[in-house]
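Close look at the chain arrangement
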Amino acid sequence: MRIVKRVLSTYSADNFGVCSALYELGGLVVMHDASGCNSTYNTHDEPRWYNMDSLVFISGLTEKNAIFGNDDKLISDLVTAAHEFHPRFIAVCGGPLPHIIGTDFRAVAKAVERQCEIPTFGFQTNGMDSYISGAGQALEALVSLMPGEEIDTAGPAKENNSGETALGLFRKNTGPVKENISGETTVDLLRKNTGPAKVNILGVTPLDFSMNGSVEELRRLLERKGFRVGSTWAMGDDLDHLLKSADASVNLVVSAVGLRAAAAMEKRFGIPYVIGLPAGKKVTERIVDELRRKAACDRGHIEYAAEPQNPEQCQNADILIIGEPVQSLAIRETLSVSFGTDHTRIISPMHGLPKEIISLGCEKVELEDKLREACASSKHVIADPLYARLLPNERDKFIFLPHVAYSGRYYENEVPVLIGERLDRWIESAMAGNL
Amino acid sequence: MEPFYLTAAEFARRGRSDFPKEESPSHALIYSSPATLSYNSPGANGYGVKRAGLAIPESVMLLVSPGCCGRNSTILSRVSGYSDRMFYLLMDETDLVTGRHLKKIPQAVREIVEVPEKKPKVVVICITCVDALLGTDLVRICKKAEQESGVHVVPSYMYALMREGTKPPMTAIRQSVYSLLEKRPKNPHAVNLLGQFAPYDDDCEIYPMFRKVGLTKIREVGRMKTLDEYLEMGEANFNLVLNPETRYAADDLMERLGMPYIEMTRFYDPDRIAKQYALLGGALGVKFDDTKWHAEAEAALSAFREKHPEITFAVGQTLNANPFELSAALLKFGYRVERIFANASPDDLPFITRIANMSPETRIYTSISPTMMLYKCEGSVDITLGKDAAYYYPDAANVPFFSDVQPFGYTGLMRLLREMEEVL
């Protein structure tokens, strides 16, 4: 088997995922690595870079500081920047260099938090896992900022002089969850309200949804279906809004990025969640039904809005989908229930996929030759345009679905909106006469 | 809080002994200004390590790195026409810990040589920061790969963490690019122009002036179409270094091939250009006749000044120019330079001192400072030079003046004037 990659790209890395997920939330986000490692994120993976300011910086790790493991320099730089910019929170993550020297980002975060009294997160990223892992960790960390009961994330936080932790102070300022005489929390009371059920959308970043209006369409669709959209994690929303969204009846996980935050909110607040992208008319109906059911009564259960892939579907697949797993599941379901195409195989070649997603049968194939074989044995391939390089003489079999997390901003303007019935129309148009 | 800057007068007063620490990338967190984003390669702007390594004719590159280091190249190499010349050997966590990936390199080179329709004559291996920390001996690995594959295998290093060291990445890659040159009998008529990866403008006065004094074989790596042509650079009588980042490579060629070098600076002030040619002629024992080009440049400058007597500039650093030298020249021409967005080094102090003498209040902003987040467009600027300066003054006319093909000398100045005329 060949070991050299010749034509394919890699998915956006975990440290870039951290930055993407936290970009709009007013935090100080620092990639710890050599100067220049940030430019791939800024130029390729972050469509907001030129139009929206964000405190995303690189530490500029030097040879000397790497060899001597001088974390004090990083801590000092973080503290200085925090004093200059007064961010809402601080996040620090790393690329391959800190990984190789074993930088303990959680310890760095604690040291910074102690000095700044600003909630600080350290993410053990390595620049080799995919954005799904990094962005997932970042959104999960935000859950710990939400007012409510303490959860155990990175160990006990340090107290300040007044005996309160930075996290405690932060939550206090955000607005604590109070109990009434009956012992019910505000969250419980809010959920009891008879108005439209409130749903949070978890897992939206430009890496999966581009900046093409998909997120706005998602909100509109849910509102048309009778829901109130509480918050959108984490595009087109602000930190305060996110942190006050614990009163939601149900969470909707629209990409693998949102899964960890959903699980954390379920654990802390008992908010049930549904995994699925409302894309395709019938898939949307199914997801809406699940959301209603969960909002009405269910707690503590996970529902998948898609059927697991079985090995039979993979063999002699008519259609191969390569891409983000939750979106791919919606496409597969729509192809099945609306177009009668059952033999659809999904490959999600990203590192760091959550187990729940893998269990649905999204295969992880990374070697170029294996992917070429998979494409060659399928009649049609729905994938980012870069994958068509695998079979230059069979480009006609490829149906392009650009994915920013894969091809960066190169095909950014060609990413379709697939929410609701738009997916059906896209399939009809893209695969006209082939189904 | 204001973004960090010093006026030219303050900068000059502090001098080398009190050079602002804010100019050092290791001083604080780094803001990804539009200028820092140009580090990509083969990529967004100009030549970075990867694209530069491919300046060797008939070469391909194998990038051995974690995924995030190569991501941009895969995407952009297609756009830049490098898609058939870039290959990737991705490292995983086990590789980082054990160095296992190094054993795969000879096999990877064999695969590369076997597969393409057009067999490469050179495989450039590019390793990254993680191998710097692992202490990888790439020269030894390249020798082994060369023996197994039968093609030249050249080591190169994209060590971003050594950006502030004695041999930063763009210096190291220049040494790699010329490393295949071998000693040949000297040709007194041959000279190599070292420094850039693309050629200088075809109409640059260097070519006719040099030919007139007998230097008829003027070679640049950017004009070499085949490996054989490139190897002919080994017969040069001397090298002309036109970019200070090439000094290390020139030293290496002097040591290995006994090839001396002379260094020239890119100026936009015609008087300095003339003086430099006179000095070069003196060093070579010839007299360059630059009268024609000098007169043309002066005439073009006079015409431009007559038509546009008052212009206020903001100058960035993504330019085919040293932003401080260019600013000093613009001030000498009688124009205003309101802002300079660039990272200065102590070597820039002579230019900054000249700026200070003519325009002490010119503000020099450190483009990598996180405080640049707070920069607010203020004052009146007519033209921004460099794409990065345009980011700060989006409403002003912009001249990117940033191309692969390089301007130099009098014709460089005339090109700049033409490009400015186009946007005014």
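All residue numbers refer to position in the chain's written sequence, counted from 1. Key to labels: chains lettered from A, ligands numbered from 1, both in the order written. Local features in this predicted model are restricted to residues of pLDDT 70 or higher, and side-chain atom pairs are both shown and tallied only at a pLDDT of 80 or more, whereas totals for entire chains, interfaces and linings draw on every residue.

Right, let's get into the nonpolar core. Membership of the largest hydrophobic core comes to 272 residues, with the highest contact counts inside it found for A91 of chain A together with L62 and I125 of chain B. If one sorts the elements of this core by residue count, helix α7 (residues 131-145) of chain A sits on top with 9 residues. Not counting chain neighbours up to four residues away, the residues in contact with L62 of chain B comprise F87, L89, A108, V109, I112, V123, I125 and C126 of chain B. Take the buried Ala, Val, Leu, Ile, Met, Phe, Trp, Tyr and Cys residues, join any whose C-beta atoms are within 7 Å, and the set you get is a nonpolar core. For the exposure call, what matters is how many other C-beta atoms sit within 10 Å of a residue's own: 20 or more marks it buried, 12 or fewer exposed, and in between partly exposed, using C-beta atoms placed from the backbone. Labels follow the DSSP assignment, with helices taken as runs of H or I lasting at least four residues and strands as runs of E lasting at least two, numbered in each case from the N terminus. Once C-beta atoms have been placed from the backbone, residue pairs whose C-beta atoms lie within 7 Å are recorded as contacts.

It is worth spelling out the sheet that holds strand β2 (residues 55-58) of chain A at this point. Taken in spatial order, the 5 strands make up an open sheet running β4(A)-β3(A)-β1(A)-β2(A)-β2(B), and their pairing is mixed. Each edge of the open sheet is held by one strand with a lone partner, namely β4 (120-123) of chain A together with β2 (30-31) of chain B. What makes two strands pair is DSSP finding at least two bridges between them. Pairing of strand β1 (residues 28-32) of chain A with β2 of chain A, which is carried by 4 bridges, proceeds in the parallel orientation. Among the inter-strand pairings, L28 of chain A is bridged to a residue of β2 of chain A, identified as L55 of chain A.

Residue and element names in this part refer to chain A. The domain boundaries assigned to chain A delineate domain 1 (14-171), domain 2 (186-304) and domain 3 (311-430). Across the boundary between the two partners, domain 2 contributes 26 residues, which contact 25 residues of domain 3. Among the residues forming the side of domain 2 that touches domain 3, the class breakdown is 14 nonpolar, 8 polar and 4 charged. Each domain's limits were defined by an automated method or a database of domain assignments. We call Asp, Glu, Lys and Arg charged. Ala, Val, Leu, Ile, Met, Phe, Trp, Tyr, Cys and Pro are nonpolar, and the rest, Gly among them, are polar.

Attention shifts here to the sheet that holds strand β15 (residues 397-399) of chain B. Residue and element names in this part refer to chain B. Strand order in the open sheet formed by 6 strands is β1-β13-β12-β11-β14-β15, and the pairing between neighbours is mixed. Of all the strands in the sheet, the pair left with one neighbour each is β1 (5-7) and β15. Recorded for the sheet is a direction-independent mean angle of 20° between the axes of neighbouring strands. One ladder, built from 3 bridges, connects β1 with strand β13 (residues 363-365); its direction is antiparallel. Following the sheet pairing, T7 is matched in β13 by R363. Fitting a line to C-alpha atoms yields each axis, with helices limited to the stretch in contact; the angle taken between N-to-C directions then spans 0 to 180 degrees.

Our next topic: the interface of chain A and chain B. Between chain A and chain B, the contact holds 46 residues from the first and 46 residues from the second. For the side of chain A that touches chain B, the secondary-structure elements that each account for two or more residues are α2 (39-45), β2, α3 (63-67), α4 (71-85) and α5 (96-101) of chain A. Partitioning the side of chain A that touches chain B into residue classes produces 19 nonpolar, 20 polar and 7 charged. Where β2 of chain A lies against β2 of chain B, 2 bridges are found, and the strand directions are antiparallel. Each residue of the ladder has a partner; that of I58 of chain A, found in β2 of chain B, is I30 of chain B.

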